[in-house]
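# Tertiary structure, described
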Amino acid sequence: MIEIINPGWCSIVVDRGRYGYADAGIPTSAALDYFSYSMANHLVGNEMGGPVLEVTGSAFSLRFDVDVTCAVTGAEVIAYLDERPVTPWRSFAARAGNTLRVKEVLEGFRYYIGFSGIMEVDRVINSFSTNIECRFGGYMGRPLLKGDKIGLRHAKVIGERFIPEDALPSLSPPYVLRILEGPEMGRFTEETVGRLIEGGVQSWYTVSAKANRTGIRLEGKPLVFKKGVNKTIISEGVLPGTIQVPGDGLPIITLYERTIGGYARLALIVKADHDLLAQLKPKDKVIFRIIGIEEAERLWNRKVEHFYRALPQ
Amino acid sequence: MEFWRYGEDGVRIVFGNTIDLEVSELIRKYYFFLKSLRLEEIIDIIPSFTSCLIHYDSRRISFSDFLSLLKKRMENIDAVCLPEPRTHKIPVRYGGEYGPDMEFVCSYAGLTEAEVIEIHTSTVYTVFAIGFLPGFPYMGILDKRIYTPRLETPRLKVPEGSVGLAQLQTGIYPFESPAGWRIIGKTRVRLFDAGKEPHSLLRMGDTVRFMAV
């Protein structure tokens, strides 16, 4: 069993998400950083697809009442097991009575904690992921609170594993987010689209404080609609990574909690950059740059190769 | 029908560009047809007012092969067995604490509350799409006399069961959530159940009639 002493800003149970139910409006609620999520499972010897904790913010801590191997991945953090520093991206054995504390998040926004064994949490509609708005899945369908206790079945200590340094994502803003043309890009002025092609200072945006698992609102130079065009659309399907632009011209990056949207879909973040979205924190700068589909596919293939190279042997 | 690529893993099939019952019926037919094929290349289908967005599995098939597959399978669409639309009666408490925007809707329309309720309850609505939130029905077509623009700034929270208007649509919030639609009432009918299938009470093509209680 583990007991939450301090849940940080928000900590929830996630897995790879719910698929096949979008026609009932059920979003995936997947782990936002798939690479870090998967590695948290691998480092502790769990199967791919198992539940892990996704934590936002520092000051998180939990206490163990069993001996179990754990790992912390994702955002760059300073963490301790009792008084000993913990190396992220490397599994370690915690003993009953130990406390894991994340003191500081140096870069990035979300980190993942995996445990050897099976977390006793709710699997609802084929997934352990927490749908916070609808209150189902994970730990009672809600973010963790101080005092929550999560059972660990088959908790065990295994040999140490680590992810090679050259396989770790580099987190240093400003981040370049590569994008593909979306269905309503034609509703924006040539000057606006030109800015995104150039990918220069003019296409810099700042992550606002309104960033959560549903979407990331950005601030900066408004994107300009052509004169006379409709600024909204008849509500239509969206996929994760879609950039929607409301009437005020400030883009919103749709994450994993919506299936239908009603704003103009300017562009889509390429899949190779989706994990990075989890790590955008308020005030980070991002730069958009339009690329073509062939380049997006190349980037994705490279990312997949990278993924398999990182797996511990 | 027009086929468009949507990012790396999406195909958007566009059937029209207005809110229209005939277009919706074409989409409904195509959606149930695709669903009946149980193609392992398809991860999700999101039908809505004017299109079907398909999330396909790009690990299994390339975009161009997937398009060919979709087009080839289309030949059999007329063999699809469409589920019979169901009719639902949904009781609503209108106005007052249940409908914080009722006053606005009345003044925007130049009608009394009784007239707005009379108009809202006398139309049989069609479910055009389910989405945004689990089980949220996008329904239409609203009587033009009570056409209402969305809120400029969405509310951070409306209670579960809130019945809202937006332009020529009406909908019901299955969960407490942020909301940009104008809320005129509240129902106790449960629209979504994570614990049993089908999870959504309503499905595309169903019809809904509201009753004032």
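Just so it is clear, the model here is predicted, and its values are computed rather than measured.

A few words on the overall build of chain B. Counting its regular elements, chain B contains four helices and 13 strands. With the C-alpha coordinates of chain B rotated into their principal frame, the extents come out at 55 × 35 × 30 Å. Of all 213 residues assigned to chain B, the portion counted as buried reaches 54%. By sequence separation, contacts in chain B at least 24 residues apart represent 63% of the contacts at least 6 residues apart. When the accessible surface of chain B is split by element, carbon and sulfur atoms take 50% of a total near 10000 Å².

In this assembly, 43 residues from chain B lie in contact with 39 residues from chain A. When the area that chain B buries against chain A is broken down by residue, the three leading residues are Tyr6(B), Glu8(B) and Phe132(B), summing to 21%. At the junction of chain B and chain A, the tally comes to five salt bridges. Taken together, chain B and chain A are joined by 15 residue pairs in polar contact (both at pLDDT 80 or more). Broken down by secondary-structure element, the contributors of at least two residues to the side of chain B that touches chain A are strand 1 (2–6), strand 2 (10–14), helix 1 (21–37), strand 3 (42–47), strand 4 (51–56), strand 6 (125–130) and strand 11 (177–179) of chain B. Of the residues forming the side of chain B that touches chain A, the biggest block, five residues, is contributed by strand 3 of chain B. Of the residues in the side of chain B that touches chain A, the class split is 19 nonpolar, 14 polar and ten charged.

Right, let's talk about the confidence of the model for chain B for a bit. Within chain B, residue pLDDT values average 96, and 100% of them lie at 70 or more. Among the prediction metrics, the complex's ipTM stands at 0.95, with pTM recorded as 0.95.

A separate point is the nonpolar core. Residues and elements named next belong to chain A. In terms of nonpolar packing, the biggest core is built from 40 residues, with Tyr 112, Leu 177, Ile 216, Ile 253, Leu 266 and Phe 288 touching the most fellow members. Each of domain 1 (2–167) and domain 2 (175–310) contributes no fewer than three residues to this core. Val 68, Val 77, Tyr 139 and Ile 150 belong to the second-largest nonpolar core, a separate cluster that totals 30 residues.

What follows is about the sheet that holds strand 4 of chain B. Residues and elements named next belong to chain B. Read across the sheet, four strands follow the order 1-2-4-3 without closing on themselves; strand pairing throughout is antiparallel. Of all strands in the sheet, those with a lone pairing partner are strand 1 and strand 3, marking the two edges. Taken pair by pair, the neighbouring strands of this sheet meet at an average axis angle of 20°, ignoring direction. Of the strand pairs in this sheet, strand 1 and strand 2 are connected by five bridges, and their pairing is antiparallel. Across the sheet, the residue bridging to Phe 3 is Ile 13, located in strand 2. Where helix 2 (residues 63–73) meets the sheet, it contacts strand 1, strand 2, strand 3 and strand 4, and its direction lies at approximately 40° from that of strand 2.

This brings us to the domain arrangement of chain B. Residue and element names in this part refer to chain B. For chain B, the assigned domains are domain 1 (2–79) and domain 2 (87–212). Just the C-alpha atoms count here: the centres of domain 1 and domain 2 sit 28 Å apart. Taken together, the contact between domain 1 and domain 2 spans eleven residues of the former and nine residues of the latter. When domain 1 packs against domain 2, close to 900 Å² is buried across both sides, 80% of that on carbon and sulfur atoms. Together, Ile 19, Leu 21 and Phe 49 form the three largest contributors to the area buried by domain 1 at its contact with domain 2, with a combined 51%.

Reading the values: rules and limits
Residues numbered from 1 in each chain as written. Chains lettered and ligands numbered in written order. Predicted model: local features only at pLDDT ≥ 70, side-chain atom pairs only at ≥ 80, totals over all residues. Heavy atoms only, no water. Helix = DSSP H or I, 4+ residues; strand = E, 2+ residues; numbered from the N terminus. Buried < 20%, exposed > 50% of the residue type's maximum accessible area, 1.4 Å probe, protein only. Contact = heavy atoms within 4.5 Å. Areas by Shrake-Rupley, 256 points an atom, 1.4 Å probe, with all protein chains shown as cover. Buried area = accessible area lost by both parts, 1.4 Å probe. Salt bridge = Lys/Arg side-chain N within 4 Å of Asp/Glu carboxyl O. Polar contact = N/O pair within 3.5 Å; in protein donor to acceptor, adjacent residues only side chain to side chain. Nonpolar A, V, L, I, M, F, W, Y, C, P; charged D, E, K, R; others polar. pLDDT = per-residue confidence, 0-100. Core = buried A, V, L, I, M, F, W, Y, C linked by side-chain atoms within 4.5 Å. Domains from an automatic or database assignment. Pairing = 2+ DSSP bridges. Axes fitted to C-alpha atoms, helices over the stretch in contact; angles between N-to-C directions.

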